[in-house]
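Residue strings, one per chain:
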Amino acid sequence: MPVSQNQAIYKSANIIKYYEQINDLQPAEKTILDRLSAQLPTMKMLDIGVGAGRTTQYFCDRTAYYIGVDYSPEMINACKQRFPETVKRQFQVCDARNMSGFEDQQFDFVLFSFNGIDYVDHDDRLTILKEIHRVTKPGGIFCFSSHNLQSFETAFSFKSQWSWNPIATYTNLVIAGILKLLNRPLTLKEVQESSHKIVKDESHNFQLSSYYIRPSAQIEQLSHWFEDIQIYSWKNDIELVSQADRLVNTDQWIYYYCTSNSCKI
Ligand SMILES: C[S@@+](CC[C@H](N)C(=O)[O-])C[C@H]1O[C@@H](n2cnc3c(N)ncnc32)[C@H](O)[C@@H]1O
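Every chain begins its residue count from 1, and numbering advances along the sequence as written. In view of the model being predicted, local features appear only for residues whose pLDDT reaches at least 70, and side-chain atom pairs are presented and counted only at 80 or more, with totals across whole chains, interfaces and linings using the full set of residues. Think of the side-chain values as coming from all heavy atoms in the structure, minus any hydrogens and water.

Q: So what's going on with the environment of W253? Which residues, and what values?
A: Strands are runs of DSSP state E lasting at least 2 residues, helices are runs of H or I lasting at least 4, and numbering of each runs from the N terminus. As for its position among the elements, W253 is in strand β9 (residues 253–260). Linking W253 and S146, residues 107 residues apart in sequence, is a C-alpha distance of 5.4 Å. In this view, W253 contacts Q26, F114, N115, S145, S146, H147, N148, S233 and W234; residues no more than four positions away in its chain are not counted. There is a polar contact of 2.9 Å between the side chain of W253 and the side chain of Q26. By the convention used here, residues are in contact when the closest approach between their heavy atoms is within 4.5 Å. Counted as a polar contact is a pair of N or O atoms within 3.5 Å, where, for protein atoms, one must be capable of donating a hydrogen and the other of accepting one, and residues adjacent in sequence contribute only when both atoms are in side chains.

Q: So, the pairing of strand β3 (residues 89–93): which residues are in play, and what are the values?
A: Bridge analysis of strand β2 (residues 65–70) against β3 gives five bridges, and the strand direction is parallel. Its bridge partner lying in β3, V69 is registered against Q92. Following the backbone out of β2, through helix α5 (residues 73–82) and into the adjacent parallel β3, one traces a crossover that is right-handed. Should DSSP find at least two bridges between two strands, the strands are regarded as paired. By the criterion used throughout, a crossover qualifies as right-handed when its path from the first strand across the helix to the second strand runs clockwise, the strands pointing away from the viewer.

Q: Give me the site of the ligand: which residues, what numbers.
A: It suffices for a single heavy atom of a residue to lie within 4 Å of a molecule or strand for the residue to be listed as near it. Taken together, 18 residues form the shell around the ligand, and within it G49, R54, D70, A96 and S113 come nearest. G49 is positioned with one of its backbone polar atoms (N or O) 2.7 Å from a nitrogen atom of the ligand. Here a nitrogen atom of the ligand sits 3.2 Å away from a polar atom, N or O, in the main chain of Y71. Reported accessibility uses the Shrake-Rupley method at a 1.4 Å probe radius. Residues are deemed covered only where the shown protein chains occlude them. With the chains in place, 99% of the 590 Å² that the ligand exposes on its own is no longer accessible. Taken together, the residues of the shell around the ligand sort by class into ten nonpolar, five polar and three charged. For this classification, Asp, Glu, Lys and Arg are treated as charged, while Ala, Val, Leu, Ile, Met, Phe, Trp, Tyr, Cys and Pro are nonpolar and the rest, including Gly, are polar.

Now the structure itself:
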């Protein structure tokens, strides 16, 4: 699946419009905002994949310094229109794969919300995590969400779609059929045996190729650069603590909250 096409999609006018009109924080993001509220006034924050500024409105006036970046110049223009820049509030076109414009260890809090990290291939994802670790102070916070492969496994299986609700069954079977078609020759067995996969899903009318990962694999991936990893379903503020909870969770995306370790950069 070509992830290289994703960047062009994030430049298109109808997608920008969509992100301009979504304003609410997701439940897991609210929890994180509440938890950090005492520290935010002294924090220097980097908001990666800021889109049209959904999260800007909640963080820019609460932090000591806020910079929103995105690899789509059109998204950054939308942010600048909505939130005029000041000394403490900046926006910049920047690809998370190369943040060489930022010095080492300068941010207290880095956010990559709403699965923005999922639109590059596996190697680039590792580069992004490394880059985020580099620009974050040791002990600084990194928070992001990522698609859950366990949810895709469910959506991709015809067997999992049957329920007592005939309308839901019908709708889910149709979606499973479209997913099968668009992701040919991918098989359910292959998904079941994978820790991560890049797939076409229903977001933005099946245009995007998105990286999906099992929560346990994401924790393993993060552990090179981050510690104290906590995870939440995007839907609520309940931490998924036990391995059993993490293995059975089929919510579409998961929030990860962790601390940058002091390993050499
Ligand atoms: C799903 S949208 C979310 C936008 C915004 N964070 C929100 O929650 O409304 C993902 C955003 O990440 C940006 N993005 C994806 N990959 C990126 C990368 N490698 N570097 C910078 N931005 C990226 C896209 O342009 C898009 O604006």
